[in-house]
Number of protein chains: 2
Amino acid sequence: MRPVVTTWVDVPDGSPFPIENLPYGVFSTEGTSPRVGVAIGDQVLDLAALAAAGLIDDGDEGAFARPTLNAFLAGGRAAWQAARERITDLLAGTADHDAVAAALHPLATATLHLPVEIADYVDFYSSRYHAENIGRILRPDSEPLTPNWKYLPIGYHGRAGTVVVSGTPIVRPCGQRRSPGDAAPVFGPSTRLDIEAEVGFIVGVPSRLGRRVAAGDLCDHVFGAVLVNDWSARDIQAWEYVPLGPFLGKSFATSISPWVVTLDALSAARVAAPAQDPRPLPYLQDDDPWALDIALEVALNDHVVSRPPFSAMYWTPGQQLAHLTVNGASLRTGDLFASGTVSGPSPEERGSLIELAWNGASPLLLPDGSRRTFLEDGDTVSITATAPAPGDGSRIGFGSVTGTIEPASLQ
Amino acid sequence: MRPVVTTWVDVPDGSPFPIENLPYGVFSTEGTSPRVGVAIGDQVLDLAALAAAGLIDDGDEGAFARPTLNAFLAGGRAAWQAARERITDLLAGTADHDAVAAALHPLATATLHLPVEIADYVDFYSSRYHAENIGRILRPDSEPLTPNWKYLPIGYHGRAGTVVVSGTPIVRPCGQRRSPGDAAPVFGPSTRLDIEAEVGFIVGVPSRLGRRVAAGDLCDHVFGAVLVNDWSARDIQAWEYVPLGPFLGKSFATSISPWVVTLDALSAARVAAPAQDPRPLPYLQDDDPWALDIALEVALNDHVVSRPPFSAMYWTPGQQLAHLTVNGASLRTGDLFASGTVSGPSPEERGSLIELAWNGASPLLLPDGSRRTFLEDGDTVSITATAPAPGDGSRIGFGSVTGTIEPASLQ
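Small disclaimer: the values here were computed from a predicted structure and weren't measured.

Draft legend 1. Quick peek at the overall build of chain A. Of regular secondary structure, chain A possesses nine helices and 26 strands. Against the compact-globule benchmark of 22 Å for 411 residues, chain A has a radius of gyration of 21 Å, which places it among compact chains. For chain A, the spread of C-alpha atoms along the principal axes amounts to about 70 × 50 × 40 Å. With 411 residues in all, chain A has 61% of them scored as buried. Within chain A, contacts between residues separated by at least 24 positions form 72% of all contacts whose residues are at least 6 apart in sequence. If you sum the accessible surface of chain A, you get close to 14700 Å²; carbon and sulfur atoms cover 51% of it.

Draft legend 2. Structural detail: the relation of the copies chain A and chain B. Here chain A sits on chain B after a turn of 180° about the axis and a move of 0.0 Å along it, with an RMSD of 0.0 Å. With respect to symmetry, the two chain copies, as superposed, fit the operation of a two-fold axis. Minimal C-alpha separation from the rotation axis in chain A is found for Gly245 of chain A, amounting to 2.0 Å. When the interface residues of chain A are mapped onto chain B, 100% of them again fall at the interface, so both copies present the same face.

Draft legend 3. Representation of helix H3 (residues 77–92) of chain A in the model. Residues and elements named next belong to chain A. Between its terminal C-alpha atoms H3 stretches 22 Å, which fits the 22 Å expected from 16 residues at 1.5 Å a residue. Those residues of H3 that fall on the buried side of the exposure criterion are Trp80, Ala83, Arg84, Ile87, Thr88, Leu90 and Leu91. In a view along the axis of H3, the buried residues occupy a sector of 165°, so they form one face of it. Set apart from the buried face of H3 by more than 90 degrees, the exposed residues are Ala78 and Glu85.

Draft legend 4. A look at the interface of chain A and chain B. In this assembly, 60 residues from chain A lie in contact with 60 residues from chain B. Interface area for chain A against chain B, summed over the two sides, is near 5700 Å², with a carbon-plus-sulfur share of 60%. On the chain A side of the contact with chain B, Arg159, Leu244 and Phe247 of chain A bury the most area, a combined 14% of that side's loss. At the junction of chain A and chain B, the tally comes to two salt bridges. The closest approach of N and O atoms between Asp335 of chain B and Arg159 of chain A, which form a salt bridge, is 2.9 Å. Looking at the side of chain A that touches chain B, the elements that each hand over two or more residues are strand E6 (121–124), strand E7 (155–158), strand E10 (174–177), helix H7 (234–240) and helix H8 (317–325) of chain A. In terms of residue class, the side of chain A that touches chain B is made up of 34 nonpolar, 17 polar and nine charged.

Draft legend 5. The arrangement of the side chain of His323 of chain B in detail. Take His323 of chain B: it is sitting in helix H8 (residues 317–325). Apart from residues no more than four positions distant in its own chain, His323 of chain B is found in contact with Phe247 and Leu248 of chain A together with Phe124, Leu152, Pro153, Tyr283 and Leu284 of chain B.

Draft legend 6. Broad picture of the nonpolar core. Among the nonpolar cores identified, the biggest contains 149 residues, and Leu266 and Phe337 of chain A together with Leu266 and Phe337 of chain B are the most heavily contacted of them. If we skip the residues at most four places from it in the chain, Phe337 of chain A touches Val122, Phe124, Val199, Gly200, Phe201, Val203, Leu218, Val222, Pro317, Gln320, Leu321 and Leu324 of chain A. Residues Val38, Ala48, Trp80 and Leu104 of chain B belong to the second largest nonpolar core, which totals 42 residues.

Draft legend 7. The arrangement of the environment of Leu366 of chain A in detail. Structurally, Leu366 of chain A is set in the loop between strand E23 (364–365) and strand E24 (371–372). A relative accessible area of 4% places Leu366 of chain A in the buried class.

Draft legend 8. Spotlight on the side chain of Glu355 of chain B. Residues and elements named next belong to chain B. On the secondary structure map, Glu355 appears in helix H9 (residues 353–356). Although Glu355 is buried, it forms no salt bridge, and the closest oppositely charged side chain is Arg350 at an N-O distance of 5.1 Å. With sequence-adjacent residues up to four places away left out, Glu355 is seen in contact with Tyr129, His130, Asn133, Ile134, Ile137, Thr341, Ser343 and Arg350.

Draft legend 9. Structural context of the sheet that holds strand E3 (residues 43–46) of chain A. Residue and element names in this part refer to chain A. Pairing in this open sheet of five strands is antiparallel, and the strands run E4-E3-E2-E1-E5 from one edge to the other. At either end of the open sheet lies a strand with only one pairing partner, and these are strand E4 (104–106) and strand E5 (111–113). Within this sheet the neighbouring strands show an average axis-to-axis angle of 50°, counted without direction. Two elements, E3 and E4, share three bridges in a ladder whose sense is antiparallel. Its bridge partner lying in E4, Gln43 is registered against Pro106. Running over the sheet, H3 touches strand E1 (24–28), strand E2 (35–40) and E3 and is turned about 65° from E1.

Procedures and definitions
Residues numbered from 1 in each chain as written. Chains lettered and ligands numbered in written order. Predicted model: local features only at pLDDT ≥ 70, side-chain atom pairs only at ≥ 80, totals over all residues. Heavy atoms only, no water. Helix = DSSP H or I, 4+ residues; strand = E, 2+ residues; numbered from the N terminus. Rg over C-alpha atoms; globule rule 2.2 N^0.38 Å. Buried < 20%, exposed > 50% of the residue type's maximum accessible area, 1.4 Å probe, protein only. Contact = heavy atoms within 4.5 Å. Areas by Shrake-Rupley, 256 points an atom, 1.4 Å probe, with all protein chains shown as cover. Least-squares fit on C-alpha atoms with pLDDT ≥ 70 in both. Expected span 1.5 Å × (residues − 1). Arc of directions from axis to C-beta. Buried area = accessible area lost by both parts, 1.4 Å probe. Salt bridge = Lys/Arg side-chain N within 4 Å of Asp/Glu carboxyl O. Nonpolar A, V, L, I, M, F, W, Y, C, P; charged D, E, K, R; others polar. Core = buried A, V, L, I, M, F, W, Y, C linked by side-chain atoms within 4.5 Å. Lys, Arg positive; Asp, Glu negative; His and termini not counted. Pairing = 2+ DSSP bridges. Axes fitted to C-alpha atoms, helices over the stretch in contact; angles between N-to-C directions.

Here's what the structure looks like:
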């Protein structure tokens, strides 16, 4: 354990953003341009201002003055670690106190933007509990897992252009659906709008076309993690997805949390990867495999409905990265790969409403007396998460990814 | 018909790039930076040089000096049409002849780059003949078309980061495959490497999240078309694709032609859209539906193996765009949506080897006496295409999209 670091910044008890965290985002205040900041307590530290004052290095290109993290992400692990150390020093030491304090803005006055220009977005399907639940619900007469499930981390490409930052309103999508027994599909607003609580990983360092990345090299490429809500219209998806997979049922919006928690901040969250049987093919093996103990919490209209444990995922982020690139596919700065719905073994650990309400058979009862099978207009979903902090027994947080459902647009 | 325009540039007979075409690309010559050019005959017209000389307007941002077309594409239809008119005048008239002539470079000395920074890449599946052939080959005991096929243009997202320009070597991908009857998958180079001959459409003008685009508004958003070879590892794809669709079987590389042929240049290629039964839902209808008469040609090692007719596609580009956005998904400048494999009703019109060689049952015989079921290392595939030229009975061309298979990489 490294020594506990303390900061002169006032960090409220239970804040997701103690000095051990230092997640990166893009913020603006009234009348100013979006730029890179780091969250500390209930404030945001303006890294562009620190760079302009000569207090932190942001390279020849001025990475911290940009409206996305991409330029900083492309700098690689050494630059990420140097920045983390420097920011820790500035917030823990007394040198340059006044200049650093002047670069702090209350989070309440900041607008948070999509932190990363997303290059490609891949969504995996790596929770065995989720895959089994979905299999039991949708294909009750078959084996819950498809034959390939335990041999590879199943994934597909989603729409990068509709990845939005937390807080962006989610307009209920329209589309085709066909109910069982109907001869033809009908068109209209989705009636089975759902969430998927996930953890997503942001690629910083690209890889060359034709060259695979080993599972153990994750930290050389991946900068950090965000929370993901992969909004899903189950009715649209069910009608469209054979044979080429989800398309419009997913592509209307995917929300991510505004703060990217670095892998360095998650160093104490590493836990043993779950046992895998059958043993994966060599390219999916890792000498030192690890999973992450991230505890998610899903709230619907401020009422906690689920606590999915990320540590229960079957496939690790390293394996996902190795699989994604084993065919020679290259990585780009800004690539996002998400875990797939995080569901644990217990009913109260499920990361989607289709599982929580078992496809409508067991509606959720909310404190206001209403019931939910899928989302209604006006519903707000917030996903938060915490993980063990480096250095002591406390926890760091991801903040939240939040979205409110707006009625379908008629035009 | 508009009057025939003639140019003082020497255009060889049968050139794909007469003055009626004027496709856009990104080129460089030795020691110079990539910039925007237009192909004319066997030369490329340097639009950045013309803009620097004050002979053409490229906006405050200098769109023609950029290494991608994206800034020009974002300018919209009025800017596209103004540029086309101006370039036509410069190449047809005598004013500024010397300055324009000085901006011409032989194509043989130019390096052609990926013309567009691809935002999202969507691949459709819109040839009925292709879908039926694949259904008969892979699911011989079922109806060849899935129940949704005639109700919506099936599509999925591909990997934008591995869209490469024609000429980029294609390294045979490795991956998991499981043969029928095998208990477990094996890992290795794909043994069923295939092509898919397609036409792709490049989006210039973005759309707002939550707002759909009508089929009839295609020309307000789409700048032009390219040829696409969606390389496919059939064995990897077959094992991975249930339930979330193609992933590594497609994501290792997708090649596009270097020249973007504008919709204005394709104005004379418009033909009636094929009849559709059942009648599509209202959002897929268009008061003035049209398809495009683009004649593709697929050559394997310089031997023509197929002539797929794009006019035979079931779903039109307008319908693909309307479907893609009906759920509120936004468009970005640089989005690419491809048609899916173009196959016509005749055996010699099929756009993939799995169809042409009927899953290995009818190998192709090449002039050197060798046979092909799928691609071998060293094979070169070239897809070319022509379409009726505006103004007279001649034809314009797309140039080609070409790729040569390199052996699988062992690392």
